[in-house]
Amino acid sequence: PPPWLVESPTRAVHARRGRELFSANCANCHGALGRGDGPVAATLEDDAGRPAPPADLTTGLWKGGPLPVDLFRTLSTGMDGTPMPAFGEGLSIEDRWDLVSFLLTLPENQ
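We now turn to the structure provided with this report. What you see as residue numbers is a count from 1 along each chain, following the sequence as written. Only residues with pLDDT of at least 70 are given local features in this predicted model, and only at 80 or more are side-chain atom pairs given and counted; all residues enter the totals for whole chains, interfaces and linings. To obtain the side-chain values, all non-hydrogen atoms of the structure were included, while hydrogens and water were left out.

## Some details on the layout of surface pockets
Unfilled space is identified by rolling a water-sized probe across the atoms. Stated formally: Definitions used throughout: a 1 Å grid over protein atoms alone; a cavity as a set of points that fits a 1.4 Å probe which cannot get out; a pocket as an open set with protein on both sides within 12 Å along at least five of seven lines; a lining residue as one with an atom within 4 Å of a point. Grid points are joined across faces, edges and corners, and a volume is the space filled by probe spheres set on the points. Strands here are runs of E lasting at least two residues and helices are runs of H or I lasting at least four, both read from the DSSP assignment and numbered beginning at the N terminus. Ten residues, namely Ala, Val, Leu, Ile, Met, Phe, Trp, Tyr, Cys and Pro, are considered nonpolar, four, namely Asp, Glu, Lys and Arg, are considered charged, and the remaining ones, Gly among them, are considered polar.
Of the volumes computed, that of the largest pocket is approximately 480 Å³. For the largest pocket, the lining is made up of 27 residues, of which H30, A55, L57, M79 and M84 are closest to its centre. Among the secondary structure elements, those contributing two or more residues to the lining of the largest pocket are helix 1 (11-25), helix 2 (27-30), helix 3 (68-77) and helix 4 (93-103). In terms of residue class, the lining of the largest pocket is built from 20 nonpolar, 6 polar and 1 charged.

And the structure:
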C-alpha cells in the first residue's frame with residue numbers, strides 16, 4: 001500500500017478522488033452510498049445463473065479480506081464466478097489505491 005494510506009493528511013484527498021471513481025465505476029451495482037442497492041443490483045447473477053447481489057460495503061465485512069491490500073486485489077482481479085469485474089486494466093494502480101482509500105471510509109460513515 002502507498003504510505004499515504006496510513007493516517008496521512010493526504011489520505012482525505014485520495015479518498016475524495018476514490019469517491020469520484022466509485023461513482024463512475026461501482027455505484028451502478030453497489031449503490032451511491034455503497035449499500036449494495038445500485039440500479040442494476042437486482043439483476044446481477046453469478047456464473048451459475050443464481051442471484052448475486054453486490055456486497056453492502058458499509059458493513060466493513062469484505063468478501064476478499066479485511067486489509068487494504070485485499071481490497072486492492074479484489075479491485076484488480078475481480079471475484080471469479082460473480083459479477084464483480086476486474087479493474088486491473090481499466091484503472092491505474094493509483095486510481096485503485098484511491099478507490100481503496102474511499103472504500104475504507106464507508107463503514108466509518110454509517
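## Side note on the state of the cysteines
Disulfides are covalent bonds that connect the sulfur atoms of two cysteines. Rule in force here: The definition used for a disulfide is geometric: two cysteine sulfur atoms within 2.5 Å. Buried means the residue's accessible area, taken with a 1.4 Å probe over protein chains only, is under 20% of the maximum for its type, while exposed means over 50%, and partly exposed covers the values in between.
Applying the stated criterion across every chain yields a total of 0 disulfides. C29 takes part in no disulfide bond, and the closest cysteine sulfur to it belongs to C26, at a distance of 8.4 Å. A relative accessible area of 25% places C29 in the partly exposed class.

## Let's talk about helix 4
Condition: Two residues form a contact once any of their heavy atoms are found within 4.5 Å.
Summarising burial for helix 4: 9 of the 11 residues are buried, a large majority. Listing the buried residues of helix 4 in full gives D95, R96, W97, D98, L99, V100, S101, F102 and L103. Looking at the buried side of helix 4, the elements it contacts are helix 1 and helix 3.

That's the geometry; what it means functionally is another story.
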